[in-house]
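# Observations on the model geometry
Below are the chains, spelled out letter by letter.
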Amino acid sequence: MKIVHVIPQLSSGGGERFTIDLCNAFAGQGHEVTLIVLLPLGEYGFYKNEVSDKVNLICLDKKSGLDISLGWRLRKTISRLSPDVVHSHLRAILYMPLSIFSINAKFFHTVHNTADMEAGGTVGGFLRKVLFRMRKVTPVTISHESLDSFEKYYGMTTAMIFNGRDIPDTLKVSDSVKSEIDGYKRTSSTKVLVHLARYTDVKRQDLMARVAKKLFDEGFDFTVLLIGRTAEDILNGVKAAKCPVCHVLGEKKNPLEYLKAADAFCLCSTYEGMPISLIEAMGVGTIPVCTPVGGIVNVVKDGDTGFLSEDISEDSYYDALKRFLMQSEEERTEMKTKVQKCYEPFTMRECANKYLELYVNH
């Protein structure tokens, strides 16, 4: 099968991570796969070296601001490839109409977040509604919560396929990562908490820092590693919390090693789809402490396979994180085993096979 995926950029993020893994999985199964990236790889190509050599990578070098020619160039590129399937991600769908209405292929679009947030405003929402309701594009949601939001926003139903992420069986924490993490510990018993996400208002690294400061002041022994692409406004909020056990590590090429070395994975988002970082945490058996949003609630059961706050408020997340820190070692070991078992439905092999089935049968 000839498959084309289209994505705005390859910056660090869950949607980008997922798209690359899916393309690599298809190529590994022998399909002819092309990944089209709209923005320049020099500035927006954090993951570019993780695209398999078996995947044909094309960059259209979108100009900054309004690029009127991009839709035409995208259509020309897709037409030349003569694909069976064209699959868009994130805001790439905004540049797809010329291709959708003139190229004989099956078109799909993954809704990587709650439907209204993913739509991104009046224009984006209107365009998606037209394309979905005319059945020109088949949307795919990524969790039960994502599907519910889609049905409410668009007034129609669609397919649902859980995100996937393969965790290498050979994954080990390197000596350099161990040494780095040990440097952030105050004692040998210090609990390591990893917050892995791009810095945005949604992910609320500043709230994480404030909650950590309260718990540190209460005498809990832990350290917080904030991993992800930084943004100045959120970073200023983290600094303002003045939490001595919060450490800004920036982007990392090997986040799985940090997750595997951690005691907990923290995510205090205001909304979510199905976080790739959560799947990664489950895959290495790291206990999630999260807000109850998006697909998180489909896999994290409070007190059993992690900890969920009652709502997205700061006080509620403080309570959830405090409950984790008060766990006994025996309770933590038992929970980690349950967490890793939850990962079983979220392998990329399982995910890719379900997408292929959708491609063939739709």
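For the structure given in this document, a descriptive report is provided here. This is a predicted model, so every value here is computed, not measured.

## Re the overall build of the chain
Of regular secondary structure, the chain possesses 16 helices and 13 strands. In terms of overall dimensions, the chain is globule-like: its C-alpha atoms have a radius of gyration of 21 Å, near the 21 Å expected for 362 residues. The buried share of the chain, taken over its 362 residues, is 56%. At a minimum sequence separation of 6, the contacts of the chain that also span at least 24 residues come to 67%. By element, 50% of the accessible surface of the chain is carried by carbon and sulfur atoms, the whole surface being about 15,600 Å². Counting 45 positive and 45 negative side-chain charges, the chain places the averaged centre of each group 6 Å from the other.

## Some remarks on the sheet that holds strand S5 (residues 106-110)
A sheet is described by the order of its strands in space; here 7 strands give the open sequence S3-S2-S1-S4-S5-S6-S7, paired in parallel fashion. The open sheet terminates on both sides in strands that have one partner only, identified here as strand S3 (56-59) and strand S7 (159-160). Bridge analysis of strand S2 (residues 32-37) against S3 gives 4 bridges, and the strand direction is parallel. Each residue of the ladder has a partner; that of Ile36, found in S3, is Ile58.

## Digging into the packing of helix H9 (residues 205-217) against helix H10 (residues 232-241)
Two numbers describe how H9 lies on H10: the axes approach to 8 Å, and their chain directions differ by 10 degrees. As the angle between them shows, H9 and H10 are arranged roughly parallel. Contacts between H9 and H10 involve Gln205, Asp206, Ala209, Arg210 and Lys213 on the former and, on the latter, Ile234, Gly237, Val238 and Ala241. Class assignment for the residues of the contact of H9 with H10 results in 4 nonpolar, 2 polar and 3 charged.

## Some remarks on the packing of aromatic side chains
Under the defined criterion, the tally for this structure stands at 11 aromatic pairs. Considering the side-chain rings of Phe108 and Tyr359, the 5.0 Å spacing of their centres and the 50 degrees angle between planes classify their relative orientation as tilted. One end of the pair, Phe108, is in strand S5; the other, Tyr359, is in helix H16 (residues 348-361), and 251 residues separate them in sequence. Tyr359 sits in the buried class, given a relative accessible area of 1%. Put simply, the rings of Phe18, Phe26, Phe108, Tyr355 and Tyr359 touch in pairs and so form one group of aromatic residues.

## So, the pattern of salt bridges
Across all of its chains, the model carries 24 salt bridges by this definition. Through salt bridges with shared partners, a single network forms among Arg17, Asp21, Glu50, Arg165 and Glu280.

## Here we look at the layout of surface pockets
Taken as a whole, the second largest pocket holds about 160 Å³ of empty space. Of the residues in the lining of the second largest pocket, the class split is 6 nonpolar, 2 polar and 2 charged.

## Describing empty space enclosed by the protein
Tallied over the entire structure, the rule returns 1 cavity of 30 Å³ or more. Together, Lys2, Ile3, Val4, Glu32, Thr34, Leu81 and Pro83 line the largest cavity. Sort the elements by how many residues they give to the lining of the largest cavity and strand S1 (residues 2-7) lands first, with 3 residues. Split by residue class, the lining of the largest cavity holds 4 nonpolar, 1 polar and 2 charged.

## Remarks on the environment of Phe26
Within the fold, Phe26 resides in helix H1 (residues 14-28). Judged by relative accessible area, Phe26 falls into the buried class, the value being 0%. Taking the C-alpha atoms as reference points, Phe26 and Arg80, 54 residues apart in sequence, are found 20 Å from one another. With residues up to four places along the chain from it excluded, the contact list for Phe26 reads Ile3, His5, His31, Val33, Ala352, Tyr355, Leu356 and Tyr359.

Calculation rules
- Residues numbered from 1 in each chain as written.
- Predicted model: local features only at pLDDT ≥ 70, side-chain atom pairs only at ≥ 80, totals over all residues.
- Heavy atoms only, no water.
- Helix = DSSP H or I, 4+ residues; strand = E, 2+ residues; numbered from the N terminus.
- Rg over C-alpha atoms; globule rule 2.2 N^0.38 Å.
- Buried < 20%, exposed > 50% of the residue type's maximum accessible area, 1.4 Å probe, protein only.
- Contact = heavy atoms within 4.5 Å.
- Areas by Shrake-Rupley, 256 points an atom, 1.4 Å probe, with all protein chains shown as cover.
- Lys, Arg positive; Asp, Glu negative; His and termini not counted.
- Charge placed at Lys NZ, Arg CZ, Asp CG, Glu CD.
- Pairing = 2+ DSSP bridges.
- Axes fitted to C-alpha atoms, helices over the stretch in contact; angles between N-to-C directions.
- Parallel < 35°, antiparallel > 145°, perpendicular 65-115°, else oblique.
- Nonpolar A, V, L, I, M, F, W, Y, C, P; charged D, E, K, R; others polar.
- Phe/Tyr/Trp six-rings, centres within 6.5 Å; stacked < 30°, edge-to-face > 60°.
- Salt bridge = Lys/Arg side-chain N within 4 Å of Asp/Glu carboxyl O.
- 1 Å grid on protein atoms, 1.4 Å probe; cavity = no way out; pocket = protein on both sides within 12 Å on 5 of 7 lines; lining within 4 Å.
- Points joined across faces, edges and corners; volume = space filled by probe spheres on them.

Function-wise, these values are silent; they only describe arrangement.
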